[in-house]
Amino acid sequence: MKNKFIDYFSRISPLSKEEADAIAESMQTKKFKKGDFLVKEGQFSAKTYFILEGCVREYVLNDGEEKTTNFFTEEQWAISLNSFAPQKAAGYNWICVEDTWVVEGDEQQGQALFKCFPRFETISRTIMEAAFTKQKESLTSYYTDSPEQRYMKLMKSRPGLFERIPQYHLASYIGVKPESLSRIRKRIASGLNDT
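Counting of residues starts from 1 at the beginning of each chain's written sequence and follows it residue by residue. Side-chain atom pairs in this predicted model are given and counted only at pLDDT of 80 or more, local residue features only at pLDDT of at least 70, and totals for whole chains, interfaces and linings cover all residues. Remark: hydrogens and water are excluded; side-chain values derive from all non-hydrogen atoms of the structure.

Student: Can you help me understand the packing of aromatic side chains in this one?
Tutor: To describe a pair of aromatic rings, one takes the distance between the centres and the angle between the planes. Any Phe, Tyr or Trp ring, taking Trp's six-membered ring, that has another such ring centre within 6.5 Å forms a pair; planes under 30 degrees apart are called stacked, those over 60 apart edge-to-face, and the others tilted. Under the definition given, this model contains 16 aromatic pairs. Ring centres 6.3 Å apart and planes at 80° place the aromatic pair Phe 32 and Tyr 49 in the edge-to-face group. Residue Phe 32 is located in strand β1 (residues 28-32), and its partner Tyr 49 is located in strand β3 (residues 48-53); the two are separated by 17 residues in the primary sequence. Each member of the pair, Phe 32 as well as Tyr 49, carries the same accessibility label: buried. Taken together, a centroid distance of 4.9 Å and an interplanar angle of 35° make the contact between Tyr 92 and Trp 94 tilted. The burial state of Tyr 92 is the same as that of Trp 94; both residues are buried. An aromatic cluster is defined as three or more aromatic residues linked by ring pairs; in this entry it consists of Phe 5, Tyr 8, Phe 9, Phe 50 and Trp 77. Think of it as a cone above the ring: NZ of Lys or CZ of Arg counts as a charge over the ring if it is within 6 Å of the ring centre and within 35 degrees of the ring normal. Note that Lys 40 overlies the ring of Phe 37, its terminal NZ or CZ placed 4.9 Å from the centroid. Secondary structure elements follow DSSP: runs of H or I no shorter than four residues count as helices, runs of E no shorter than two count as strands, and numbering proceeds from the N terminus. For each residue, the accessible area found with a 1.4 Å probe, counting protein chains only, is set against the maximum for its type, and the residue is called buried under 20%, exposed over 50%, and partly exposed in between.

Student: Help me out: how do you make sense of the sheet that holds strand β4 (residues 55-62) in this one?
Tutor: Each strand in a sheet pairs with another by means of backbone hydrogen bonds, the pair being arranged parallel or else antiparallel. We treat two strands as partners when DSSP finds at least two bridges between them. Ordered in space as β2-β7-β4-β5, the four strands form an open sheet in which the pairing is antiparallel. Each edge of the sheet is formed by a strand with only one pairing partner; in this case those strands are β2 (37-39) and β5 (65-73). The average angle at which neighbouring strand axes cross in this sheet is 30°, direction not considered. Where β4 lies against strand β7 (residues 93-96), four bridges are found, and the strand directions are antiparallel. Looking at β7, one finds that Arg 57 is bridged to Ile 95. Contacts are assigned to residue pairs that have any heavy atoms within 4.5 Å of one another. Lines fitted to the C-alpha atoms define the axes, with helices restricted to the stretch that makes contact. Angles between their N-to-C directions range from 0 to 180 degrees. Contacts between helix α7 (residues 167-174) and the sheet are confined to β4 and β5, with β5 contributing the most and set at about 100° to the helix.

Student: Just checking my understanding: could you explain the nonpolar core for this structure?
Tutor: When a protein is soluble and globular, its nonpolar side chains tend to lie buried together. Within the largest apolar cluster, 23 residues are counted, with the highest numbers of intra-cluster contacts made by Phe 5, Phe 9, Leu 15, Ile 23, Phe 50, Trp 77 and Phe 120. Elements with a contribution of two residues or more to this core: α1 (2-12), α2 (17-26), β3, α3 (107-116) and α4 (119-144). Excluding residues that lie within four positions of it along the chain, Phe 5 makes contacts with Ile 23, Met 27, Phe 50, Leu 52, Trp 77 and Val 103. Counting residues in each nonpolar core, the second largest holds 16 residues, with Phe 162, Ala 171, Tyr 173 and Ile 174 among its members. Residues belong to a common nonpolar core when they are buried Ala, Val, Leu, Ile, Met, Phe, Trp, Tyr or Cys residues joined through side-chain atoms within 4.5 Å.

Student: I tried to follow the pattern of salt bridges on my own but got confused; where do I start?
Tutor: A side chain of one charge can pair with a side chain of the opposite charge when the charged atoms of the two come close. Any Lys or Arg side-chain nitrogen located within 4 Å of an Asp or Glu carboxyl oxygen qualifies as a salt bridge. What the rule picks out here adds up to 14 salt bridges. Here Arg 11 makes a salt bridge to Glu 75, at a shortest N to O gap of 2.3 Å. Highlighted residues: Arg 11 in helix α1 and Glu 75 in the loop between β5 and β6 (77-78), separated in sequence by 64 residues. Taking the relative accessible area as the measure of exposure, Glu 75 reaches 37% and is therefore partly exposed. Two residues, Arg 57 and Glu 66, come together in a salt bridge whose shortest N-O distance is 2.6 Å.

Structure, rendered in C-alpha cells:
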C-alpha cells in the first residue's frame, strides 16, 4: 500500500530516498468497510483522503433525497474546502461504496513535512489545483451539459465506474431518475449499433 502512495508522488516529481522515506513514515493508512462514512454532513473534519483501493461516493441531501455529486476511486484525492476551514461543518457525505483503503492526512502533518522538505509544498499545491480543477469541471458540466452528454463523458473518462456503482447512484450523479438513465443507455446503444 505504501508503495502505491510513493509511486503516485514520484510520478508528479521524482523523489529522493530521503523524501520517499519521509512520506512512508508520515502516512497513516486506514481501512473503511463498505457503508462506512469518511465524513457525515454536519461533522467538523479537516482530513484529506487519498484512495489506495476502493470507491467513495460523495452526496448531499436535498429535501431528504440523496444527490450524488462525486465518486473518488484509486489514486484520487477526496479533498474538501473545509479542510482549510476546519471550523466549518461539512455540507456533504462521503460514504464507501466498497471496502476502501485510504491514506488519511491533515494540515498539521502536511506542515511538518513542508518544514523538512519545502519542495513538498509545491507538489501539494499541484495536487490541490488538479483536484479542484476536476471538481470545477464536473460542476460546470452539470450546469451546461445534457444528462446524455454527462453520461457519455463519464463513459469516456471513467468507464470502470459502471461496473462498480449501482445504476441509481449513476443516475443521481448525472441528474436523472434511474428510468431516464435506462432510456439514455438504450438510445446510446442503438446509436452505436446503427454505426
